[in-house]
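# Structural features, examined
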Amino acid sequence: MRRFLAALLVLAVVALGLFWFVTRPAPLPADALDGLTPDLAKGEQVFWAGGCAACHAAAEARGEAKLVLAGGQRFPSPFGTFVAPNISNDPAAGIGGWSALDLANAMLRGVSPRGEHYYPVFPYASYTMAALQDIVDLRAYLATLPADATPSAPHEVGFPFSIRRSLGAWKALYLDPAWVVSGELTPAEARGRYLAEALGHCGECHTPRGPFGGMERARWLAGGPVPGGKGNFPNITPAKLTWSERDIVEYLTSGFTPEFDSAGGHMALVVENTAHLPESDRAAIAAYLKRVAPVE
Amino acid sequence: MKTLFAGMTVAAVLCAGAATAQERGPFAMQIDARQGIMAYRALQLGVLGGMAKGEVEYNAEAAQKAADNLLAAVTIDASMLWPKGSDHDADPSSEALAAIWAEGSDIGAKATAMSEAAVAMQAAAGKDLESLKTAMGTVGAACSGCHKAFRLPQN
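Residues numbered from 1 in each chain as written. Chains lettered and ligands numbered in written order. Predicted model: local features only at pLDDT ≥ 70, side-chain atom pairs only at ≥ 80, totals over all residues. Heavy atoms only, no water.

Residue and element names in this part refer to chain B. With 85% of its residues at a pLDDT of 70 or more, chain B has an overall mean of 87. When the elements of chain B are averaged for pLDDT, helix H1 (residues 2–23) gives the smallest value, 51, and helix H3 (residues 60–75) the largest, 97. This model gives residues 12–19 a pLDDT under 50, and the stretch forms zero contacts once residues within four places in sequence are excluded. (pLDDT = per-residue confidence, 0-100. Helix = DSSP H or I, 4+ residues; strand = E, 2+ residues; numbered from the N terminus. Contact = heavy atoms within 4.5 Å.)

Pasting the structure below:
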């Protein structure tokens, strides 16, 4: 009996160790950004392409107010309600004190400067494919934006999801640094893939999620119900989105569909971002969408 | 006989209509009417947008007519088409959110923005293509201003 208990104890220790190992945060090497110098103008483009303001500014913000990234928007989900944190330039309430490496760890690895996992409502599962140069540029641009001292509100997430360490297991399952659309791509299609799969994080809404909230890559961009809300995210694979590339560019510019209906809900915020991109980037996204595998 | 048959047909149609209205809740007609107005605006925007996109050659007269129609459709008093509670929960064929009627809702300001955009379009559409394009941006922002806050996320 004692032997059995001892074995059980060993097993428990091994399991705990395994959990500890699998769920450990994995930041970038300290020298990952060495030799990269920031370009402010490019950083602004990354800011709009990444859609930072769509979640971190007030939902109703327009114009200059969109640059106040004080957080506060609420995101209901089956796991609880997440509240967008303050990422303004305030050193205490926001991320004014962050290095470029801190930002890279947050966006590419989902790890905070204190070494904690972020919840994947922050779309690092997409940003993980972002170029480090873009993060360096973005860091420089964010430092030019206003500081706001509003403290971040806590997420309203119940047990067991409140244990951040367990997010390491989520990452082991779902954080997959690989392109979804592969094969030979034109330069425009490749640029579109970068914008749609990485920075623009289109899949975060338009790809259905499995039981633990990971994107089902086999049904990439095939749409699905809004988590914790009403309505559906539309299927934007070529099986359903039959608009011409020109129509897609127009939609990402003005929000008008070919029938001159107009974008609603969170997509209207997305269009406010894509409207800031050069037309060639919107055309690249359109070209990419035509290369996505059609899913009914 | 012919009259009787016609009368029966009308009665049948009316009954079917009443049945549908019942399934859809008390606001079916209001919802249909406002969706009709939205569709009418979209048709006018189709004329203007086709020119803005360069799919149709710019024609000052046609553009002016569409802009006049748009303004008329925006100016029409549609307040009785938006009774409180006539949202998606009451009738799934509506995409309207209850937030429209919530405390502190700025639906009035958003409607004013739409009117102003339509007025600007009416002044611009017949002038030249560049003016039309600029006004189109303002109209688009006014449309999505409302849809962003008050419409289900489909689209």
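Now for unusual backbone geometry. Residues and elements named next belong to chain A. For the bond from Phe159 to Pro160, the omega torsion is 0 degrees, close enough to zero to count as cis. For Pro160, the position within the fold is in the loop between strand S3 (156–157) and helix H7 (167–174). The backbone of Leu221 sits at a positive phi, close to 65 degrees, despite the residue not being glycine. With respect to the element layout, Leu221 can be found in the loop between helix H9 (203–206) and strand S4 (224–225).

Glancing now at the packing of H3 of chain B against helix H4 (residues 107–124) of chain B. Residues and elements named next belong to chain B. Contact geometry of H3 with H4 gives a least axis separation of 8 Å together with a crossing angle of 160 degrees. Classified by the angle between their axes, H3 and H4 sit roughly antiparallel to one another. Of the two elements, H3 crosses H4, and the hand of that crossing is left-handed. Residues Gln64, Ala67, Asp68, Leu70, Leu71 and Val74 of H3 form the contact with H4, whose participating residues are Met114, Ser115, Ala118, Val119, Met121 and Gln122. Tallied by class, the residues present in the contact of H3 with H4 amount to eight nonpolar, three polar and one charged. (Axes fitted to C-alpha atoms, helices over the stretch in contact; angles between N-to-C directions. Parallel < 35°, antiparallel > 145°, perpendicular 65-115°, else oblique. Left-handed = near helix turned anticlockwise from the far one by under 90°. Nonpolar A, V, L, I, M, F, W, Y, C, P; charged D, E, K, R; others polar.)

Below, the discussion takes up the sheet that holds strand S2 (residues 80–83) of chain A. Residues and elements named next belong to chain A. Judged by pairing direction, the sheet is antiparallel, and its three strands sit side by side in the order S1-S2-S3 without closing on themselves. Here the strands that pair on one side only, and so sit at the sheet edges, are strand S1 (74–77) and S3. As paired strands, S1 and S2 are joined by four bridges and run antiparallel to one another. Residue Phe75 lies in a different strand from S2, and its bridge partner there is Phe82. (Pairing = 2+ DSSP bridges.)

Looking now at the packing of aromatic side chains. All names here are of chain A. Throughout the structure, instances matching the rule amount to twelve aromatic pairs over all chains. On the numbers, 5.1 Å between centres and 55 degrees between planes, the contact of Phe82 with Tyr119 is tilted. Of this pair, Phe82 sits in strand S2 while Tyr119 is found in the loop between helix H4 (100–109) and helix H5 (124–127), placing the two residues 37 residues apart along the sequence. For Phe82, a relative accessible area of 7% corresponds to the buried category. Aromatic side chains Phe256 and Phe260 sit 5.3 Å apart centroid to centroid with 45 degrees between the ring planes, which places their arrangement in the tilted category. Summarising the burial analysis for this pair, Phe256 and Phe260 share the class buried. Ring-pair connections join several aromatic residues into one group, and the members of that group are Tyr118, Phe122, Tyr124, Tyr127, Trp170 and Tyr174. Cation over ring: Arg24 sits above Phe21, and NZ or CZ is 4.2 Å from the ring centre. If you follow Arg165 out to its NZ or CZ, it ends over the ring of Trp20, 3.6 Å from the centre. (Phe/Tyr/Trp six-rings, centres within 6.5 Å; stacked < 30°, edge-to-face > 60°. Buried < 20%, exposed > 50% of the residue type's maximum accessible area, 1.4 Å probe, protein only. Lys NZ or Arg CZ within 6 Å of the ring centre and 35° of its normal.)

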